[in-house]
Amino acid sequence: MLLQDTRNSLSQSPTPLSGIFSTTKTLYDQLLSEPQDESTRSAARLFLQEHLGIAAEMDCELPADVNALEDWVAAKTVKVGKQYAAYLEERKAGKPRRFFTSKAHALHFLQAVAPSKLVDGAWLYGTLDNWQDPRFHPLIRTYLEELGDGVAQMNHVLMYRQLLAKHGCDGPLSLPDEYYVQGTLQLALGYEAQEFLPEVIGYNLGYEQLPLHLLISAFELHELDIDPYYFTLHITIDNAHSGHAHQAVQALLQQCAGGTDPQFYQRVRAGYQLNDLGVGSGDIIRHFDLQDELLRMLDRKRTFGQQMHSDYCKLEGKTVNEWLSEPGQMLAFLDALEARGWIQRGVDPGQSRFWHLISGPDALMFGVFTEYEQRLIYEWIADGWLAQDQATSGARQRPFKPARGSRRKAASDTAVCPADRTQLAMEPLSEPLEALRQQLESMPRAERMATLISMMNPSLHGTPEGLLATRMFSSQMY
Ligand SMILES: [Fe+2]
Ligand SMILES: [Fe+2]
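Residues numbered from 1 in each chain as written. Chains lettered and ligands numbered in written order. Predicted model: local features only at pLDDT ≥ 70, side-chain atom pairs only at ≥ 80, totals over all residues. Heavy atoms only, no water.

Asker: Could you give an account of the overall build of the protein, naming the residues involved and the relevant values?
Answerer: Counting secondary structure elements, the protein contains 24 helices and two strands. For the protein, with 478 residues in total, the buried portion stands at 54%. Contacts in the protein between residues at least 24 apart in sequence constitute 75% of all its contacts with a sequence separation of at least 6. About 21600 Å² of surface is accessible on the protein, with carbon and sulfur atoms providing 53% of the total. (Helix = DSSP H or I, 4+ residues; strand = E, 2+ residues; numbered from the N terminus. Buried < 20%, exposed > 50% of the residue type's maximum accessible area, 1.4 Å probe, protein only. Contact = heavy atoms within 4.5 Å. Areas by Shrake-Rupley, 256 points an atom, 1.4 Å probe, with all protein chains shown as cover.)

Here it is as structure tokens:
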């Protein structure tokens with residue numbers, strides 16, 4: 001599962017502060033940059049304890065009997081399948097998109113969930129230490145698959161980075177602190193797995209279930225011409241029959257073999273509930289407001305452009321530099337541009353002089369705005385014109401089918417099918433990487449595996465060295 005669609009609202013009480021870190025984002029950044037630092041680790045434990053305390057108070061949908069889990073997962077999958085079929089019927093009958101009102105809305109979503117996506121799989125990192133114990137293998141296998149088994153094109157974090165970059169969404173977007181809760185929980189669980197193993201298993205069980213919003217997101221991203229592969233991949237790889245959802249149940253059953261410890265399962269349930277903390281996909285989608293986002297973006301950009309304009313032209317008595325000199329003036333500035341005829345809202349943005357200043361290779365401000373930022377401006381100028389245009393031009397839904405297996409459609413360009421993995425992994429290593437490989441191979445096995453694990457942490461596994469370590473670990477753990 002990606003982010004849960006929770007009932008939590010953005011207006012809920014702020015996240016409890018964790019130890020020396022005043023914000024969740026600070027702890028998130030710290031877990032990425034200095035995960036071994038003792039103060040970071042004790043803050044991570046505190047963060048987990050605080051959130052587990054909240055989770056323990058919540059209702060848990062998991063069955064009371066651990067042996068009923070397999071049937072429960074199967075029934076849940078069938079229910080999601082039926083809900084998705086109903087959604088498709090609804091769309092066929094002409095209902096509008098349920099999630100994304102526009103492309104800018106969808107691109108904003110991709111960025112808003114990035115703190116979790118960019119640490120995909122992190123909660124399982126700490127299970128690698130138990131590679132000699134077969135009961136941990138389903139969890140380790142899932143972690144290795146999140147890492148693409150060391151093949152860059154199949155590494156989920158790199159895949160998501162590429163998706164963001166492809167749409168000009170890799171610049172810093174300042175997000176509210178609650179948006180970092182899930183990513184921070186994932187990192188904290190990953191580094192503290194030895195102490196929080198039942199919670200890791202429970203969290204994994206929740207995260208790897210197929211949620212309805214994943215299916216709908218993939219469908220609507222495709223409709224908006226955004227490559228949905230990252231999302232369709234998670235529909236298939238997390239499947240309940242043989243994928244991560246199945247492995248998640250197996251991991252729990254194997255830990256419980258020989259007798260169910262009620263306290264263990266209680267902790268698993270609390271870990272499962274952690275998935276419902278922070279901000280869910282549904283909240284993120286509902287709280288998007290095009291104009292607010294545009295104004296926030298322009299205010300961020302303002303500081304870079306405030307001395308860059310000539311004072312030749314004045315709008316409503318102010319030069320552009322004056323308009324950009326203080327925060328909070330962007331709406332009035334846009335109004336002034338509209339009043340002076342630089343912007344014509346509600347029609348094709350191509351008719352606005354302002355649009356031609358920022359878009360196209362000959363634009364005076366070429367390169368100033370990323371694709372996402374341009375899209376915000378474009379849709380704000382269009383102001384409903386796009387919807388009318390689509391209606392009158394008879395635009396129809398583009399046919400969409402979630403990927404079958406892990407095979408990617410030929411038109412996509414960020415990942416490969418499993419058959420190509422071996423070939424990619426066999427590409428000759430650069431000289432320094434080959435030297436590193438030889439150095440690692442020369443180590444005694446236990447030392448080598450420990451070194452490989454340290455190179456596969458959530459911050460490093462996407463580097464060339466981390467990918468090499470993942471490939472070596474993956475082929476040597478059995
Ligand atoms: Fe993933
Ligand atoms: Fe997964």
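Asker: Provide a residue-level description of the nonpolar core, including the pertinent values.
Answerer: One finds L110, Y160, F231, L252 and F473 to be the most contacted residues of the largest nonpolar core, which totals 142 residues. F473 has contacts with L128, W131, I140, L144, M449, L452, I453 and M456, leaving out every residue within four places of it along the chain. (Core = buried A, V, L, I, M, F, W, Y, C linked by side-chain atoms within 4.5 Å.)

Asker: Before we move on, can you summarise the packing of aromatic side chains with the specific residues and values?
Answerer: Both the distance between ring centres and the angle between the ring planes are used here to describe each pair of aromatic rings. Applying the stated rule across the entire model yields 16 aromatic pairs. Measuring from centroid to centroid gives 6.2 Å for W72 and Y272, while their planes differ by 70°, and the two rings are edge-to-face. A residue pair is termed long-range when its members are at least 10 positions apart, and W72 in helix α3 (residues 69-92) and Y272 in helix α13 (residues 262-273) qualify at 200 residues. Using a relative accessible area of 17% as the deciding quantity, one classes W72 as buried. Using a relative accessible area of 3% as the deciding quantity, one classes Y272 as buried. Ring plane angle 90° and centroid distance 5.6 Å describe the contact between Y87 and F219, whose orientation is recorded as edge-to-face. Taken together, the positions of Y87 in helix α3 and F219 in helix α10 (residues 212-223) put the pair 132 residues apart, joining distant regions of the chain. When sorted by exposure, Y87 lands in the same class as F219, which is buried. Here the aromatic cluster, defined as three or more aromatic residues joined through ring pairs, consists of F99, F100, F109, Y160, Y230 and F231. The ring centre of W323 lies 4.3 Å from the NZ or CZ of K318, which sits over that ring. (Phe/Tyr/Trp six-rings, centres within 6.5 Å; stacked < 30°, edge-to-face > 60°. Lys NZ or Arg CZ within 6 Å of the ring centre and 35° of its normal.)

Asker: Just give me the short version of the coordination of the iron ion (ligand 2), but keep the residues and values in it.
Answerer: Distances from the iron ion (ligand 2) to its protein donors, namely E146 (OE), E208 (OE), E208 (OE), D238 (OD) and H244 (ND1), fall within the range 2.2 to 2.8 Å. Written as a sequence motif, the donor residues of the iron ion (ligand 2) are E-x61-E-x29-D-x5-H. Separating the iron ion (ligand 2) from the iron ion (ligand 1) is a gap of 4.1 Å, bridged by E146, which donates to each. A residue pair is termed long-range when its members are at least 10 positions apart, and E208 in the loop between α9 (197-207) and α10 and H244 in helix α12 (residues 244-256) qualify at 36 residues. The residues E208 and H244 share a single accessibility class, namely buried. (Donors = N, O, S within 2.8 Å, 3.2 Å for Na, K, Ca; no water.)

Asker: Can you lay out unusual backbone geometry for me, pointing to particular residues and giving the numbers?
Answerer: With phi around 50°, D149 is a residue other than glycine that occupies positive phi space. Mapping D149 onto the fold places it in the loop between α6 (137-146) and α7 (156-166). The class of D149 is buried, set by a relative accessible area of 15%. Non-glycine residue E316 carries a positive phi angle of around 50°. Looking at where E316 falls in the secondary structure, it is placed in the loop between β1 (314-315) and β2 (318-319).

Asker: Break down the coordination of the iron ion (ligand 1) for me, with residues and values.
Answerer: Every protein donor of the iron ion (ligand 1) is accounted for by D120 (OD), E146 (OE), H156 (ND1) and H234 (NE2), and the metal-donor separations fall at 2.0 to 2.2 Å. Coordination at the iron ion (ligand 1) comes from four donor atoms whose angles at the metal span 83 to 167°, giving a geometry best classed as irregular. Look at where the donors of the iron ion (ligand 1) fall in the sequence and you get D-x25-E-x9-H-x77-H. On the basis of relative accessibility, which here comes to 1%, the residue H234 falls in the buried class. (Tetrahedral: all angles 85-135°; square planar, octahedral: opposite > 155°, others 65-115°.)

Asker: Help me get a handle on the environment of L337, residues and values and all.
Answerer: Tracing the chain through its elements places L337 in helix α17 (residues 330-339). Once the C-alpha coordinates of L337 and F354 are considered, the two residues, 17 residues apart in sequence, prove to be 8.0 Å apart. Residues in contact with L337, not counting those within four places in the same chain, are L315, W342, I343 and F354.

Asker: Which residues make up helix α2 (residues 38-56), and what are the values?
Answerer: Look at α2: 27 Å from first C-alpha to last across 19 residues, which is about the 27 Å you get at 1.5 Å a residue. Looking only at α2, the buried set comprises T40, R41, A43, A44, F47, L48, H51, L52 and A55. Here the buried face of α2 lies against α1 (24-33), α8 (181-191), α9 and α13. (Expected span 1.5 Å × (residues − 1).)

Asker: Go over the pattern of salt bridges with me, naming the residues and quoting the values.
Answerer: For the structure on display, the rule yields 23 salt bridges. For R267, the salt bridge is made with E199, and the minimal N-O distance between the two is 2.7 Å. Here the residue R267 occupies a position in helix α13, and E199 occupies one in helix α9, the gap between them amounting to 68 residues. We classify E199 as buried; its relative accessible area is 5%. Linked by salt bridges that have partners in common, E38, R41, R45 and E192 make up one network. (Salt bridge = Lys/Arg side-chain N within 4 Å of Asp/Glu carboxyl O.)

Asker: Before we move on, can you summarise the packing of helix α22 (residues 431-441) against helix α23 (residues 445-455) with the specific residues and values?
Answerer: Look at α22 against α23: their axes get within 9 Å of each other, and the N-to-C directions meet at 140°. In terms of axis orientation, α22 runs oblique to α23. Contact with α22, carried on its side by L436, L440 and E441, involves R448, T451, L452 and M455 of α23 and no other residues of that element. (Axes fitted to C-alpha atoms, helices over the stretch in contact; angles between N-to-C directions. Parallel < 35°, antiparallel > 145°, perpendicular 65-115°, else oblique.)

Asker: Pulling in residues and values, what's your account of the environment of I237?
Answerer: In this fold, I237 is placed in helix α11 (residues 229-237). Along the sequence, I237 and E146 sit 91 residues apart, while their C-alpha atoms lie 9.3 Å from each other. Residues contacting I237, with those up to four places away along its chain left out, are E145, H156, G243 and H244.

Asker: How would you explain the side chain of H461 if you had to name every residue and give the values?
Answerer: On the secondary structure map, H461 appears in the loop between α23 and α24 (464-476). At 3.1 Å, the side chain of H461 and the side chain of N155 are in polar contact. Leave out the neighbours within four places in its chain, and H461 touches Y143, L147, N155, V157, M455, M456, G466, L467 and T470. (Polar contact = N/O pair within 3.5 Å; in protein donor to acceptor, adjacent residues only side chain to side chain.)

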